[in-house]
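Chain by chain, the residues:
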Amino acid sequence: MSEPLEGQVSTLNDPLFPAKQYAGRMTNVVLIEDDAELSEALARALTKQGYTTTVAVNGLNGVKTVVESTPDVVVLDLGLPDISGFDVLKMLRPVTTVPVIVASARDDDADIIRAFDLGADDYVTKPFSTAHLAARIRAVARRSQISTPEELRVGELYIERDSHTASLSGRELDLSPKLFQLLAHLAEREGQVVSKKELCTEVWDLPFVDTDKTVDVHVSWLRKALGETADSNGYIRTVRGVGLKLVDPR
Ligand code: CA
């Protein structure tokens, strides 16, 4: 199935799996790749297939782009000019569960195993066709959508997504739809720091504006609903300058 990437762009369009089927919006892909020719060819091909793409040309830029733009999928090269792709994975994994596909010319087992151990979701060996990569992207995007659990339990906190109810120690919580979404989003990422920007885009579907207090206000309401304050070391913890996380306080 395929022409190698060098210089060519596959325009293959797969009507069975349009890229934008997920949650009714475009799938955003961040490419962390220092080979400009390759990343341009990939970005062009993926755009034609309905993805939006952002290219980062080194590792640190890549981490920054992923944290700021909360993409649906990351494609990561291992040999980057500043830090290695392995380092990028190490920096990303504590802060995001975004699916990462490692795309590398290295094909020995040790590298592949290391990438998976550091949290990669898939590994493709260069050279590959854009059609091949697009299929991998669809697969990891699909998996990450499907694996959203219906029920979440963190300590005494229990969340049921289909009935939109949450309870704490058996007592049902009185939450508005947004507070419920906020709680479920944090609980899904138990123990991970979630940025305000991610909450804005994922829970409110709004662009992030630094001065906007929407998230802060809702977080304080959510704390109140849980019987907590900002200093009470409960389920919701503020991570100064970064965001917040939900933990099991027991
Ligand atoms: Ca490279």
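Rules used throughout
Just so you know, the residues in each chain are numbered from 1, in the order the chain's sequence is written. Local features in this predicted model are restricted to residues whose pLDDT is 70 or higher, and side-chain atom pairs enter the listing and the counts only when it is 80 or higher, whereas totals over whole chains, interfaces and linings include all residues. By convention the nonpolar core is taken to be a set of buried residues drawn from Ala, Val, Leu, Ile, Met, Phe, Trp, Tyr and Cys and joined through C-beta atoms within 7 Å. Remark: C-beta atoms are placed from the backbone, and a residue is labelled buried if 20 or more other C-beta atoms sit within 10 Å of its own, exposed if 12 or fewer do, or partly exposed between those counts. Here a strand is any run of E in DSSP of at least two residues, a helix any run of H or I of at least four, and the numbering for each starts at the N terminus. Two residues qualify as being in contact provided that their C-beta atoms, derived from the backbone, are within 7 Å of each other. Directions drawn from the helix axis to the C-beta atoms are what define this arc.

Draft legend 1. Quick look at the nonpolar core. In terms of nonpolar packing, the biggest core is built from 35 residues, with Ile32, Val74, Val75, Leu76, Val100 and Val102 touching the most fellow members. Secondary structure elements with two or more residues in this core: strand S1 (28-32), helix H1 (36-48), strand S2 (52-56), helix H2 (59-69), strand S3 (73-76), helix H3 (85-92), strand S4 (100-104) and helix H5 (130-146). Excluding anything up to four places from it in sequence, Leu76 contacts Ile32, Gly85, Val88, Val100, Ile101, Val102 and Ala103. One finds Ala166, Tyr235, Leu244 and Leu246 within the second-largest nonpolar core, a separate group that totals 20 residues.

Draft legend 2. Representation of H2 in the model. For H2, every residue scored as buried is listed here: Gly59, Gly62, Val63 and Val66. Looking straight down H2, one finds that the buried residues subtend no more than 100° of arc, so they occupy a single side. A positive phi of about 35° marks Thr70, the residue just after H2.

Draft legend 3. Representation of unusual backbone geometry. Cis rather than trans, the peptide bond between Lys126 and Pro127 has omega equal to -5°. Relative to the helices and strands, Pro127 resides in the loop between strand S5 (122-125) and H5. One non-glycine residue, His164, lies in positive phi territory at about 55°. Here His164 shows up in the loop between strand S7 (157-160) and strand S8 (165-168).

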